[in-house]
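The residues making up each chain are set out below.
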Amino acid sequence: MNKLSIKLSLFILLFINQTELFAEGKAKLFGVVKNEAGAPMDIVSIAQIGSANGFRTSNNGIYVIEVPAGVPVSLAFSYIGFETEIKTITLQSGEEKQMDITLKLKSHYLNPIKIRSQWERVEDMTPIDPKQIELMVNASGNLEGILRATGLASSSNELSSQYSVRGGNFDENVVYVNDFEIYRPFLIRSGQQEGLTFANPDLVSNLKFSAGGFQAKYGDKLSSVLDITYNKPKAFAGSISTSLLGQSISLQGCSRNKKFTWVTGFRNKTNQILLKSQPTEGEYRPVFYDYQFFTTYALSSKFELQAIGNINQNKFRFVPQSQTTSFGLINQTVRLEVFFDGNEIDKFSTMMGGVAGIYKPNKNVKLKLMSSAFQSNENETFDIIGAYRIGEVQTDISKPNYNNIKKSLGVGTYQDFARNFLTANVINVSHQGTYNYNKNILSWGITAQQEYIVDKIKEWHRLDSTGYSIPYSDSLVNIYSYVKTNVTLPSNRINGYIQNAFNFSDTSHYKLIAGIRFNYWDINKELVVSPRAQFTYLPDWKSDVIFRLGTGLYSQPPFYREIRDLNGQINLQVKAQKSYHLVVGSDYNIKFWKRNFTFTSEAYYKYLWNVVPYEVDNVRVKYFGRNAAIAYSTGIDLRLHGEFVKDAESWVSLSYLNTKENLKDDYITAKLNQNHQVIDSRLGSDEQNKTIIGDTTIYPGWIRRPSDQRINASIYFSDYLPKHPNYQVHLNLLFGSGLPFGPPDKNRYKDTLNIPPYRRVDVGFSAQLLDGKKDKYKHKKIKNIKSIWASLEIFNLLGVSNTVSYQWIKDIYNTTYAVPNYLTARRFNVKITCKF
C-alpha cells in the first residue's frame, strides 16, 4: 500500500470518529506501525499499560485509539519476532495526535520473510536477509555459505567459501562491498588453506545476488554478482561471539549529530577441529584473522565522505604424520597407507583500503568518486615426502586378518615440493553517477585500473613406484611434473558503462533496464563492448506475479591466472572470454496457511566462446593459458522460500545444469589395423600429424566441463518450540551430483569419471539465555545487554565421507588407482553470542 492510500485511510477513520474528539477527558491518538523496511504491519498488538485496554492495527498498519486526557499514558506495541516498543504520551482533552511507530526485529530472532519490492524484482537481484547468517549452520564461517544454503550457488566443499554458479568456475563471480570490487588470493589450492573472506557478516546491512543476466553496471565477469552493503548505524551497538571455530567482535556507532558513523570488526578463525577429522593425521596449525572498518562523514546535506579498510592474515602450518584411506567395493576394498616426513607452511596476507566522496547537488542527481588499493602477498612453501603401501583388504569377517591388508599391491614414495611466491597490487580510480528524470534512472560509471603482478613459482612432484622413478628412464631420475616460472607483469585497464532504467508510466506494466558496458586491457590490446537488457512484465492479474527476461553479452578479460598455462608459461595473447546470456524467469508471491511465500523459477542458456579451458584440483583452478574452446551452459533453477513455520523463514531449491565444452585442438590420432580397428592412440598436438596413412583422426567433441554438476538440491529449514520461540532449530541439507574428473595428464577428454555425489546435513540448536527487553536486570554491568544466545552445532550429522579430489597411485602391475581425498567427518561446535 502506498503513502497516499495510507493517508486517505487515516483521514476516513478520523472523520468517522470526529464527533468524539472533544468528549470530556478524552483524546485521540493515531498513526501507522511499520517495520524497519518501511512496510506497514498488520495485526500489531497495542496494550495500554496499567489498564485492560487492548487494540490492534488494521491490515494496512493503521491504528486509531482513544486515550484518557491530561494524564501520562503508556502504550506497548508488540508483534512476535519484533522488539516491543513502549511509548509514553500526555494529551490534552479533545487533542488528536499522529504517532508513527517503527518496530525492530529482535536480534538473533527468527525473521519473517521479506517480500521483494517491485524494483528489486525488476533488477533480477535476489535480496538476502543478512540476519539469516547469524542463525545458519555454516562450517566455513564465511558469509558466502548463505548462497549455498539458499540454493543460489553450488559448492561441494564445506571447508571452502568458493562457489560455482550455473556452470562457471570460482573465478567467474564478482563481489562488491559498498561499490568497491573485492579480490581474493590467487595461490590457494585447498579449502583447508582458506581463512576468512573479505565480507564480515556482522557489518552487513544489505545483500543482493544475481546468478546471470545482470545489469551493465555490474562488472566484467561471466557468472554472478554479489552486491554487499555495510551498515550505517544510528546508535551504538555491538556483538561478541565465541565458538570452537573462532571468535569475533564488532562495534558500531555514530556521533551525536549523526554526521559521523562507523562500524568495525575483528575476527579470528581456526578450523582445527574440522581438519582433525580428515584421513590425514598430523599437526594442523591454522590461524586466520582479519580487521576491517567502514566509516561515513557528512560534511553537509549534499556531500558525504566514506572510507573502508581491511587487513587479512591467513596462516596455515601442517605437519602430516600418517594417512589411511580405504576405497573400493564392500567385497573388494583397497587401502592406501602413507607415512609422511616434512611440513607445509603457507601465508596469505591481503590489505585493502578505499575512499569515496558522494555529492548530491539535488534530489535527482548523485555523483560518486572512488579510489581503492589492494595488495596480496602470498607464500606457499611445502616439502613433503610420503612413503606409501597399497594393498587389498581382507573383507571376510570370518578370517583372522579381517580388515587388514591381505595382499600387497605395491610400495613407493612420492615427494611434493613447492616454493611459490606471488605479490599482486591493484590500484584504481572510478566515477559513478545516477540521474532521475521523468521517473527514469540514468546510471553511468568509468574506472581506470593499474595492476602489478610478481609471480615466482617452483613446484614439482616426484613419484617413485616399486623402486623406479616415474616416468621411467634407465639413465635419468625423472620428475613426474615440474613447473617453474618468474614473471613480472605490469598492466593497465579501463572499463565503464551507461544504462537507463525505463519506468514508462505509473500504470505501466512494462519496465526495462538497458545499457552497454566496455573494457580495454593494454596487454592484449582488446576492446570489448557488451550490450545488456533486462525486461520485466507485471500482468494485471489478481495473482502477484512478475515475469522477467534478461539477455546480453558478457565478457571476462584475463586477469593473471587465465594467461598462465599448466606449465607456468605466460601467454599475453589470451583474449577475453565471452558469453551470451538468455534468462527467462518469474517471481510469484503467494500465501499458504495465511503466510507469505515466494516461488522463483528461472530457465537459462549461456553460449560461450574464446573459452580458456581449465582443470580443478580441490579449489585451485588451473588454466590451459589459451583461448581453445567453445562451451554452453543450460538449466533451470527452482526456489521456494517462506514461512513453513510461522515467523520462521525456510528455503527449498532444486537446480538442473548441463554444461559442456568443445576444445579446438583436442583430438586423438588413432592407429588402425587391417580391419580398421583401433590398436593404439595418442593425443595429437601438431596440425601436420592429422593425416597419416593408416591412421585416423578422432575428435572427442563436446565433453563435460569440470563444473558440470547436473543436480543440486538444498533445504534450509527453521523451527522453534511452540510458545517458546527462544528455543530454535536450524537444519541445512545439501545434495550435489558428481562432478567429472580424470587422470592428471592435461587431457580434458579423458575426464569421464564421476566424483561421488556430495551429501551433507548440518543442524544447529539455539537457546536465548538472556532477553534484554524482557528480563529486568538491575546490575549495571549487564543492563545494556540486548541478548545472549547459546548454540550447539553438528556438522555432517550423517557422517558421510564426501570426496573433494583424488590422488593417483600406481601398483606393481602398473595399474593406476584414484585414491579419494575425503572431506570432514562429523564434528560438534558450541557457540555463544552476546549483543549489546
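Residues numbered from 1 in each chain as written. Predicted model: local features only at pLDDT ≥ 70, side-chain atom pairs only at ≥ 80, totals over all residues. Heavy atoms only, no water.

Asks: I'm lost on the packing of aromatic side chains in this one. Help?
Replies: Aromatic ring pairs are described here by two measures, namely the spacing of the ring centres and the angle between the planes. Summed over all chains, the structure comprises 30 aromatic pairs. Seen from their ring centres, Trp541 and Phe547 are 5.8 Å apart, and the 80° between their planes marks the pair as edge-to-face. Since its relative accessible area comes to 32%, Phe547 is described here as partly exposed. On the numbers, 4.1 Å between centres and 5° between planes, the contact of Phe741 with Tyr806 is stacked. Here Phe741 is found in strand β40 (residues 740-741), whereas its partner Tyr806 is found in strand β44 (residues 803-810), with 65 residues between them in sequence. Considered together, Phe741 and Tyr806 belong to a single accessibility category, that of buried residues. Members of the aromatic cluster, connected to one another through ring pairs, are Tyr183, Phe186, Phe374 and Phe559. (Phe/Tyr/Trp six-rings, centres within 6.5 Å; stacked < 30°, edge-to-face > 60°. Buried < 20%, exposed > 50% of the residue type's maximum accessible area, 1.4 Å probe, protein only. Helix = DSSP H or I, 4+ residues; strand = E, 2+ residues; numbered from the N terminus.)

Asks: Help me understand empty space enclosed by the protein in this model?
Replies: A water-sized probe rolled over the atoms picks out the places where empty space is left. All chains considered together, the criterion is met by seven cavities of 30 Å³ or more. A volume near 120 Å³ is recorded for the largest cavity. In terms of lining residues, the largest cavity is bounded by 14 residues, among which Asn138, Arg148, Asn732, Leu734 and Asp762 are the most central. Elements that contribute at least two residues to the lining of the largest cavity include exactly α4 (145-149), β39 (724-736) and β42 (758-771). Split into classes, the residues belonging to the lining of the largest cavity amount to five nonpolar, five polar and four charged. (1 Å grid on protein atoms, 1.4 Å probe; cavity = no way out; pocket = protein on both sides within 12 Å on 5 of 7 lines; lining within 4 Å. Points joined across faces, edges and corners; volume = space filled by probe spheres on them. Nonpolar A, V, L, I, M, F, W, Y, C, P; charged D, E, K, R; others polar.)

Asks: Would you mind going over the sheet that holds strand β5 (residues 73-78) with me for this structure?
Replies: Paired through their backbone hydrogen bonds, the strands of a sheet run either parallel or antiparallel. Pairing within the open sheet is antiparallel, and its four strands lie in the order β3-β2-β5-β6. Strands at the two margins of the open sheet, each flanked by one partner only, are β3 (54-56) and β6 (85-89). Sheet twist, expressed as the average angle between the axes of neighbouring strands with direction ignored, equals 20°. With five bridges connecting them, β5 and β6 associate as antiparallel partners. Within β6, the residue paired with Ala76 across the bridge is Ile86. (Pairing = 2+ DSSP bridges. Axes fitted to C-alpha atoms, helices over the stretch in contact; angles between N-to-C directions.)

Asks: How should I be thinking about a nonpolar patch on the surface in this particular structure?
Replies: Together, Phe504, Tyr510, Phe535, Leu549, Leu553, Tyr580, Leu582, Val584, Tyr605 and Tyr607 make up an exposed nonpolar region whose accessible area comes to about 830 Å². If you tally residues by element for the nonpolar patch, the top one is strand β28 (residues 577-592), at three residues. Its place among the elements puts Phe504 in the loop between β24 (481-503) and β25 (510-521). (Patch = residues over 30% accessible without salt bridge, like charges linked within 9 Å, V, L, I, M, F, W, Y side chains within 5 Å. Areas by Shrake-Rupley, 256 points an atom, 1.4 Å probe, with all protein chains shown as cover. Salt bridge = Lys/Arg side-chain N within 4 Å of Asp/Glu carboxyl O.)

Asks: It is not clear to me how the confidence of the model for the protein chain should be interpreted in this structure. Could you clarify?
Replies: For the protein chain, the mean per-residue pLDDT works out to 86, and 87% of the residues sit at or above 70. Counting interchain partners and residues more than four positions distant, the pLDDT-below-50 stretch residues 11-23 has 16 contacts. Predicted confidence is poor over residues 681-693, with pLDDT under 50, and the contacts of this stretch with residues over four places away or in other chains come to 22 contacts. (pLDDT = per-residue confidence, 0-100. Contact = heavy atoms within 4.5 Å.)

Asks: Any chance you could explain the pattern of salt bridges here in plain terms?
Replies: Two side chains that carry opposite charge are able to pair once their charged atoms sit near each other. Scanning the entire structure with this criterion turns up 27 salt bridges. Among the ionic pairs, Lys87 bridges to Glu85, the shortest N-O distance being 3.7 Å. For Lys87, a relative accessible area of 31% puts it in the partly exposed group. Judged by relative accessible area, which is 24%, Glu85 ranks as partly exposed. The salt bridge involving Arg710 is made with Asp708; its shortest N-O contact spans 2.9 Å. Judged by its relative accessible area of 25%, Arg710 falls in the partly exposed class. A residue is classified by how much of its surface remains accessible, and Asp708, at 0% relative accessible area, is buried. Residues joined in a network through salt bridges with shared partners are Arg166, Arg548, Glu602 and Asp637.

Asks: Even after reading the chapter, I still don't get the sheet that holds strand β10 (residues 173-177), so can you show me in this structure?
Replies: Within the open sheet, the five strands sit side by side as β9-β12-β13-β10-β11. Their pairing is mixed. A single partner strand is all that each edge strand has here, and the edge strands are β9 (126-127) and β11 (180-182). Bridge analysis of β10 against β11 gives three bridges, and the strand direction is antiparallel. Bridging from a neighbouring strand, Val175 pairs with Ile182 of β11.

Asks: Whenever I open this one, the side chain of Arg166 confuses me. Can you help?
Replies: Along the chain, Arg166 falls in the loop between α4 and β10. A relative accessible area of 7% places Arg166 in the buried class. Leaving out residues up to four positions away in the same chain, Arg166 has contacts with Ala211, Gly212, Val583, Glu602, Tyr604, Lys606, Ser633, Asp637 and Leu657.

Asks: Help me out: how do you make sense of the nonpolar core in this one?
Replies: The tendency in soluble globular proteins is for nonpolar side chains to be buried as a group. Membership of the largest hydrophobic core comes to 58 residues, with the highest contact counts inside it found for Leu147, Leu207, Phe209, Leu226, Ile228 and Tyr230. Beyond its immediate stretch of four places on either side in the chain, Leu147 contacts Ile128, Leu152, Ala153, Tyr163, Phe209 and Leu226. Listed in part, the 20 residues of the second largest apolar core include Tyr63, Ala69, Phe82 and Ile101. (Core = buried A, V, L, I, M, F, W, Y, C linked by side-chain atoms within 4.5 Å.)

Asks: Looking at this model, I keep getting lost on unusual backbone geometry. Mind explaining?
Replies: If you check the backbone angles, Arg166 has positive phi at about 50° while not being a glycine. For Asn796, which is not glycine, the phi torsion reads 55° and is therefore positive. Mapped onto the secondary structure, Asn796 falls in the loop between β43 (787-795) and β44.

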